[in-house]
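Listed below are the residues making up each chain.
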Amino acid sequence: MKTKKLWIVYVLVTVISFAVLIIFGREIYREKPPVPEKVITESGILLFTSQEIKDGQNIWQSIGGQQLGSIWGHGAYIAPDWSADWLHKEAVFLLDKWSRENFGILFDKLDPERQAMLEVRLQNALRANTYDSKTGILTISDERADAIRSISRHYQGLFMDDPSLNEERAAYAIPANTIKDSGRMDRMNAFFFWTAWACITERPDSELTYTSNWPPDRIVGNTASAGLVLWTGFSVIMLLVGIGLLAYYNARNKSDILDPSLLPQNDPLGGLNPTPSMKATLKYYWVVLGLILMQILFGVVAAHYGVEGKGFYGLSLDNILPYSVSRTWHVQLALFWIATSWLAAGLYIAPAVSGHEPKYQKLGVNLLFSALLVIVVGSLIGEWMGVMQKLGLVHNFWFGHQGYEYVDLGRFWQIFLFIGFFIWLFLMFRALLPALVKPSENRQLLIMFIIASVAIAGFYGAGLVWGRQTHLSVAEYWRWWVVHLWVEGFFEVFATVIAAFLFVRMGLLNIRFATTGVIFAAIVYMAGGVIGTFHHLYFAGTPTAIIALGASFSALEVVPLVFMGFEAYNNLQLSRATPWVRSYRWPIYFIISVSFWNLVGAGLFGFLINPPIALYYMQGLNTTPVHGHAALFGVFGMLGIGLMLFVLKGLTVKYVWKTGFLKFAFWALNVGLMLMLLLSLLPVGFLQTIASIKHGMWYARSAEFMQDSTMQTLRWLRIVGDVVFAAGSLALAVFVIGLKTGWSIDRSHKLYED
């Protein structure tokens, strides 16, 4: 297929996909669960106001938000999903109250017939929508108000300092006095009530709740709808269609087989003389290395909180480094080091491609480096101060912890980082400009590279759309623009382009195939990925059309990068007869491992949880971090390391590397990651899924279930993969440090003369 036709299809698919995303995003604004102006009892007692609910949302965010339990299934996994937990506690309170009043015993002691009778009464009471849209008043029964007061007292003791709840606090890794005054606790309870109310209240003229009957909980009547099953079947059909089209396209447009005799006999990059700005990127990778080690350290601490909720092997940490902080830093540091590696690679590649070093380019690279350091250090400190309740709600929003996973940093740091991305874009564009205006066969790859780079800079801005008290459904819509479109969409395009460009420059990929393959890959990403964003929003207070769109298009997110990786691997086999390629063996292997994790992490483990009926039971369980770890580190992390090694090789191209530590690092990182998933996260997630189907989401996340000896053993088994993975990271650090000290370089053997 000619590239002109592919470009036309790419533009059309992109425009149509974003039009659908925006049009139905408007529906989310219109159909979101209402926040009542007042919540009153039938006897006229005021319980909550809308401002108290909104302030409660901010207080929840300030203690870590989605990093300490979850709401509507989005967040962390040690503490409960607060919306599911509140809802079930409310149901149990009412059932026990009615059972004592009518039969003199607790509900679980009743015979099945009487239990069924009370469950019907409960469902009629809770599912009825008593919100008056004209007055903005939500009226609830006096009995339900009693349930709210009881649950509020329990949560106050849990988040504050009730000694009788010490064991439960430890099970959920919640430090005593996480909330330090009862006024704040009252407002956070108002927010928790509202999230649970949205889960059980049916939309007007519908039998589905605002969250499409999520969470699963039989006694309140929250069961999977027929639509979930229907659209799950359709998503499987779309998956098969997508795989078939990709296979057909790959077969029809298979690259020309490279004759080994036609391969470069010398390293095409060997004669490259790094410019001052290219050399200045080296400091970025020292920071990358430090951030990797810090990320793993905080990941180990966060994981250990699952088995020892107050500290680390007897060392009390929860009052200094609580779980919500360690998990926040673990996630944020991953994004920081991966982004830093990619930014540095772009700054290195731009002058290398064009052969042009703009005036003051090195100064710009150094200034951007300083800005990134300030952002990393400042945002981490702000997040700690927010969780430790040292900031007011307004200051916390701007400088502390926003409470939304992956975009936890305060708004000031977000804006600072957004500006930093555009500085990076400016520095790259001015260096690439001579190559862009000059006609060449690489030009179309460069154009796609620029498009992906502009998108990376621009789409982070979606994280600036919501405000401090924006409705949770709306904030989630824009958050997934960042997490899904920015990370899983345009990062994928950037990864495809840069990997293809490196292989072309090394003579391992045919330029014609690489160009058409990259454009086609971008089309597939846009076709499935943009509208597929909705699969994250099935149960976030969104209309049912979101389920249909998300299920249909997210199935197309079978990442085509794997085909590019297979092509590169095949050509690598042909090129092994060429001695110079061996010096790039491990950087190339890291790039090829990206294809494996794309297939397994983003593809297999992603589709495991994407279909609506699967996600209905799995959302908020450990099946999600299976996908998260395999995709984030397996795809973007491995590519970040691969790009780092390519840059470091370019800066030491004249020497032979001693690759013993690097070889160990490659296998330990990949094997350790797989062991982490298969020995711990995946079996924990599967057992939780069974519990969710049998009993409900509340039980699958409860201390009763998660503190079971089998579950604890599986959590402890994570240490096997963690140790192997950590050893690989240390070996990588030793190797990279050795490039500076000399133990990773054979200086007695020069490949090229100065």
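What you are looking at is a predicted structure, and each value in this text was computed from that prediction instead of being measured.

Asker: Help me understand the overall build of the protein in this model?
Answerer: For the protein, the helix and strand inventory stands at 27 helices and 10 strands. On C-alpha atoms alone, the protein measures out to a radius of gyration of 27 Å, which is about the 27 Å that the 2.2 N^0.38 rule sets for 754 residues. Considered along the principal axes of its C-alpha atoms, the protein spans approximately 90 × 55 × 45 Å. Here the protein holds 754 residues, and 63% of them are scored as buried. Intrachain contacts of the protein at a sequence separation of at least 6 include 78% that bridge at least 24 residues. A total of about 27,800 Å² of accessible surface is found on the protein, and carbon and sulfur atoms cover 65% of it. On the protein, the mean spot of the 56 positive side-chain charges and the mean spot of the 50 negative ones are 12 Å from each other.

Asker: Help me understand the environment of Lys89 in this model?
Answerer: Mapped onto the elements, Lys89 comes out in helix α3 (residues 82-103). We classify Lys89 as partly exposed; its relative accessible area is 25%. Taking the C-alpha atoms as reference points, Lys89 and Ile148, 59 residues apart in sequence, are found 9.2 Å from one another. Dropping the residues within four chain positions of it, Lys89 is found in contact with Ile151, His154 and Tyr155.

Asker: Whenever I open this one, the pattern of salt bridges confuses me. Can you help?
Answerer: A side chain with one charge may pair with a side chain of the opposite charge, provided their charged atoms come close. Within the structure shown, the criterion is met by 16 salt bridges. Of the charged contacts, one joins Lys89 and Asp85 as a salt bridge, the two residues approaching to 3.0 Å between their closest N and O atoms. Residue Lys89 and its partner Asp85 are both found in helix α3; the two are separated by four residues, about one turn of the helix. Accessibility expressed as a relative area gives 8% for Asp85, which makes it buried. In this structure, Glu202 engages Arg127 in a salt bridge whose closest nitrogen and oxygen atoms are separated by 3.0 Å. Note that Glu202 is positioned in the loop between α7 (182-200) and α8 (226-252) and Arg127 in helix α4 (residues 112-127), a separation of 75 residues in sequence. Exposure remark for Glu202: the relative accessible area of 21% places this residue in the partly exposed category. Judged by its relative accessible area of 9%, Arg127 falls in the buried class. Ionic contacts of the salt-bridge type, sharing partners, join the residues Glu27, Arg30, Glu31 and Arg203 into one network.

Asker: In this structure, what is going on with the pairing of strand β1 (residues 38-41)? I would like to understand it.
Answerer: For a regular strand, side-chain orientation follows a simple rule: the groups alternate between the two sheet faces. For β1 and strand β2 (residues 46-49), the ladder comprises three bridges, and the chain directions are antiparallel. If you follow Ile40 over to β2, its bridge partner there is Leu46. Of the pairings in the sheet, the one linking β1 to strand β6 (residues 137-140) comprises four bridges and is parallel in character. Within β6, the position partnered with Lys38 by the bridge is Ile137.

Asker: Help me out: how do you make sense of the nonpolar core in this one?
Answerer: Side chains of nonpolar character tend, in soluble globular proteins, to be buried together. Counting 232 residues, the largest nonpolar core has Trp82, Phe159 and Phe192 as the members making the most contacts within it. Per-element accounting of this core gives the leading share, 24 residues, to helix α16 (residues 472-505). In contact with Phe192, other than residues within four places in its own chain, are Trp60, Ile71, Trp82, Trp86, Tyr155 and Phe159. Core analysis: the next-biggest nonpolar cluster, separate from the first, contains 23 residues, Ala84, Ile547, Ala551 and Tyr699 among them.

Asker: When you look at the packing of aromatic side chains in this model, what are you seeing that I'm missing?
Answerer: Aromatic rings in a pair are described by how distant their centres are and how their planes are angled relative to each other. One pass over the full model with this rule turns up 54 aromatic pairs. Between Tyr313 and Trp716 the ring centres are 6.2 Å apart and the planes differ by 55°, which places this aromatic pair in the tilted class. Of this pair, Tyr313 sits in the loop between β7 (311-312) and β8 (315-316) while Trp716 is found in helix α26 (residues 709-716), placing the two residues 403 residues apart along the sequence. For Tyr313, a relative accessible area of 48% puts it in the partly exposed group. A relative accessible area of 38% places Trp716 in the partly exposed class. Between the aromatic rings of Tyr538 and Phe539, the centroid separation amounts to 5.8 Å while the plane-to-plane angle is 70°, which identifies the pairing as edge-to-face. You'll find Tyr538 and Phe539 in the same group, each marked buried. Put simply, the rings of Phe48, Trp60, Trp72, Trp82, Trp86, Tyr155, Phe159, Phe191, Phe192, Phe193 and Trp194 touch in pairs and so form one group of aromatic residues.

Asker: Looking at this structure, how should I read the side chain of Ser473?
Answerer: Considering the arrangement of structural elements, one finds Ser473 in helix α16. Looking at Ser473, the relative accessible area reads 0%, which means it is buried. Not counting the four nearest positions on each side in its chain, Ser473 is found in contact with Ile28, Lys32, Pro33, Trp72, Ala540 and Gly541.

Asker: For this particular structure, what's the right way to read the sheet that holds β2?
Answerer: Strand pairing in a sheet relies on backbone hydrogen bonds, with the paired strands running either antiparallel or parallel. With mixed pairing, four strands are arranged side by side in an open sheet as β2-β1-β6-β5. The sheet terminates laterally at β2 and β5 (131-132), the two strands that pair on one side only.

Asker: What should I look at first to understand a nonpolar patch on the surface in this one?
Answerer: Together, Tyr313, Leu679, Trp716, Leu717, Ile719, Val720 and Val723 line one region of the surface with nonpolar side chains, adding up to about 580 Å² of accessible area. For the nonpolar patch, the leading source of residues is helix α27 (residues 718-741), giving three residues.

Analysis parameters
- Residues numbered from 1 in each chain as written.
- Predicted model: local features only at pLDDT ≥ 70, side-chain atom pairs only at ≥ 80, totals over all residues.
- Heavy atoms only, no water.
- Helix = DSSP H or I, 4+ residues; strand = E, 2+ residues; numbered from the N terminus.
- Rg over C-alpha atoms; globule rule 2.2 N^0.38 Å.
- Buried < 20%, exposed > 50% of the residue type's maximum accessible area, 1.4 Å probe, protein only.
- Contact = heavy atoms within 4.5 Å.
- Areas by Shrake-Rupley, 256 points an atom, 1.4 Å probe, with all protein chains shown as cover.
- Lys, Arg positive; Asp, Glu negative; His and termini not counted.
- Charge placed at Lys NZ, Arg CZ, Asp CG, Glu CD.
- Salt bridge = Lys/Arg side-chain N within 4 Å of Asp/Glu carboxyl O.
- Pairing = 2+ DSSP bridges.
- Core = buried A, V, L, I, M, F, W, Y, C linked by side-chain atoms within 4.5 Å.
- Phe/Tyr/Trp six-rings, centres within 6.5 Å; stacked < 30°, edge-to-face > 60°.
- Patch = residues over 30% accessible without salt bridge, like charges linked within 9 Å, V, L, I, M, F, W, Y side chains within 5 Å.

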